[in-house]
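Geometric and topological summary
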Amino acid sequence: MRTIYSDRHRLHVSPGEFGFGAVVPAFEKPERADIILARIREVSLGDVLSPDEFPLECVSAVHAPFLIDFLQGAHAEWSALNRSGAAYPITWAGGGLRRDRTGGSVDTKLARYCIDAATPITATTWQAALGSANCALTAAARIVKGDPAVFALCRPPGHHAGIDHYGGYCFLNNAAIAAQYLRDRGIQKVAIVDVDYHHGNGTQHIFYKRGDVFFVSIHADPDFDYPFLLGYGDEKGAGPGEGANLNLPLPDGAGWDRWAEALQEALAAVRRFAPEAVIVSLGVDTYRNDPICRFKLDTEHYPRIGEQLATLGLPTVFVMEGGYAVAELGVNVVNVLQGFEAAARTRQ
Ligand code: FKS
Ligand code: ZN
């Protein structure tokens with residue numbers, strides 16, 4: 001399986017995140033991509049290619065132009081106020097505050113566009129985010145050209161970024177951008193399977209009212225973990241998208257048996273939808289030793305995830321999302337990809 005990777009991810013380095021009453025070092029850091037890439041090379045998974053450049057229309061096909069403009073210019077606006085460091089919001093758009101205002105000062109816009117205190121914008125964040133989206137687009141383009149499966153080693157991640165908001169270490173929704181690219185290249189129905197520990201609220205937001213992209217997510221119940229307040233089982237899609245959204249929230253401490261059962265349910269729903277291609281939002285923060293997550297999967301379970309995904313028998317783009325147990329991250333991610341490849345080979 002080919003990997004699409006760009007060094008541009010190094011242009012995004014978070015100075016830290018606020019959580020549980022303290023500013024702590026960022027969990028989402030460049031070393032994450034390094035260790036995954038090292039493992040890919042160690043096991044000779046396949047070629048590692050640099051991404052191509054794509055027109056910005058590929059991004060504005062899923063994100064509001066005002067969000068894109070904001071992300072590009074936010075740090076310059078921040079610096080113009082003689083502030084050092086990275087741009088973080090100081091308030092959020094809850095509590096009946098207006099969300100129809102898209103302009104104003106950088107703080108007004110941060111309040112409107114950002115959902116948390118963990119997703120700082122530095123002077124070079126935009127370039128990294130765009131490089132990450134280009135990795136997903138390049139992987140999608142290879143699928144269109146006939147590759148059976150491609151791994152987009154995206155960093156920063158994407159699944160928390162919605163049409164008009166960002167957060168959760170995510171700026172642009174790489175998986176959604178890839179799915180839309182496939183749609184625009186004549187693939188009629190696409191399914192996105194999100195196996196990251198956190199609910200892909202951004203991806204759900206983007207496709208909620210659409211019937212052409214099915215979204216299914218297995219994740220920590222939003223009653224106890226991030227992103228909170230979205231990802232409940234009663235969110236089924238709306239309008240033409242009715243029935244094309246499936247959330248499978250799991251309880252605190254869920255282990256492999258419970259998780260694997262949810263995966264079966266997710267894959268059965270994907271089969272009923274009968275897509276022509278699949279995007280996997282691949283997070284391995286379900287791992288037992290993950291520092292910010294509460295599921296209990298082991299390293300030996302990751303090949304089985306890949307194996308199960310391969311039973312769909314469809315062209316598949318893997319898009320990297322979360323996973324913070326850095327020492328084991330490379331092995332866990334590549335285990336999914338190798339499990340997929342081994343199963344796909346025996347199916348032929
Ligand atoms: C600890 C609070 C955690 C943010 C969690 C973000 C999770 C991001 C992710 C992604 F895939 F996007 F990277 N707050 N201080 O893993 O879902
Ligand atoms: Zn996650």
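Quick summary incoming for the structure in this document. Here the structure is a predicted model, which means the values were calculated and not measured.

Around the zinc ion (ligand 2), the protein contributes the donor atoms D196 (OD), D196 (OD), H198 (ND1) and D285 (OD), at 1.9 to 2.7 Å from the metal centre. For the zinc ion (ligand 2), the six donor atoms are set out with angles of 53 to 157° between them, so the coordination reads as irregular. Site description for the zinc ion (ligand 2): donor spacing in sequence, D-x1-H-x86-D. Of the two residues, D196 is situated in the loop between β6 (190–194) and α7 (201–207) and D285 in the loop between β9 (277–282) and α9 (302–310); the sequence distance between them amounts to 89 residues. Summarising the burial analysis for this pair, D196 and D285 share the class buried.

With that settled, consider the pairing of strand β5 (residues 149–152). Residues A149 and F151 line one face of β5 and the alternating positions V150 and A152 line the opposite face, and both faces are buried. Sheet analysis places strand β1 (residues 2–4) next to β5, joined by three bridges and oriented parallel. From the neighbouring strand, I4 faces β5, where its bridge partner is A152. Two elements, β5 and strand β10 (residues 316–320), share four bridges in a ladder whose sense is parallel. Residue pairing for β10: A152 is matched across the bridge by V319.

Strand order in the open sheet formed by eight strands is β4-β1-β5-β10-β9-β6-β7-β8, and the pairing between neighbours is parallel. Each edge of the open sheet carries a strand with a single partner, namely β4 (48–49) and β8 (245–250). Relative to strand β7 (residues 213–220), β6 runs parallel, the two sharing five bridges. Pairing of I192 across the sheet is with F215, part of β7. The strands touched by helix α6 (residues 174–184) within the sheet are β6, β7, β9 and β10, with β9 carrying the most contacts at an inclination of about 170°.

What follows covers unusual backbone geometry. With omega at -5°, the peptide bond leading from R155 into P156 counts as cis. Of the consecutive residues Y226 and P227, the connecting peptide bond is found in the cis state with omega at 5°. Relative to the elements of secondary structure, P227 occurs in the loop between β7 and β8. Unusually for a residue other than glycine, N82 sits at a positive phi of about 60°. Topologically, N82 is positioned in the loop between α3 (65–80) and α4 (106–113). N82 sits in the exposed class, given a relative accessible area of 73%. The phi dihedral of A274 is positive, around 55°, even though this residue is not glycine.

Conventions used here
- Residues numbered from 1 in each chain as written.
- Chains lettered and ligands numbered in written order.
- Predicted model: local features only at pLDDT ≥ 70, side-chain atom pairs only at ≥ 80, totals over all residues.
- Heavy atoms only, no water.
- Donors = N, O, S within 2.8 Å, 3.2 Å for Na, K, Ca; no water.
- Tetrahedral: all angles 85-135°; square planar, octahedral: opposite > 155°, others 65-115°.
- Helix = DSSP H or I, 4+ residues; strand = E, 2+ residues; numbered from the N terminus.
- Buried < 20%, exposed > 50% of the residue type's maximum accessible area, 1.4 Å probe, protein only.
- Pairing = 2+ DSSP bridges.
- Contact = heavy atoms within 4.5 Å.
- Axes fitted to C-alpha atoms, helices over the stretch in contact; angles between N-to-C directions.

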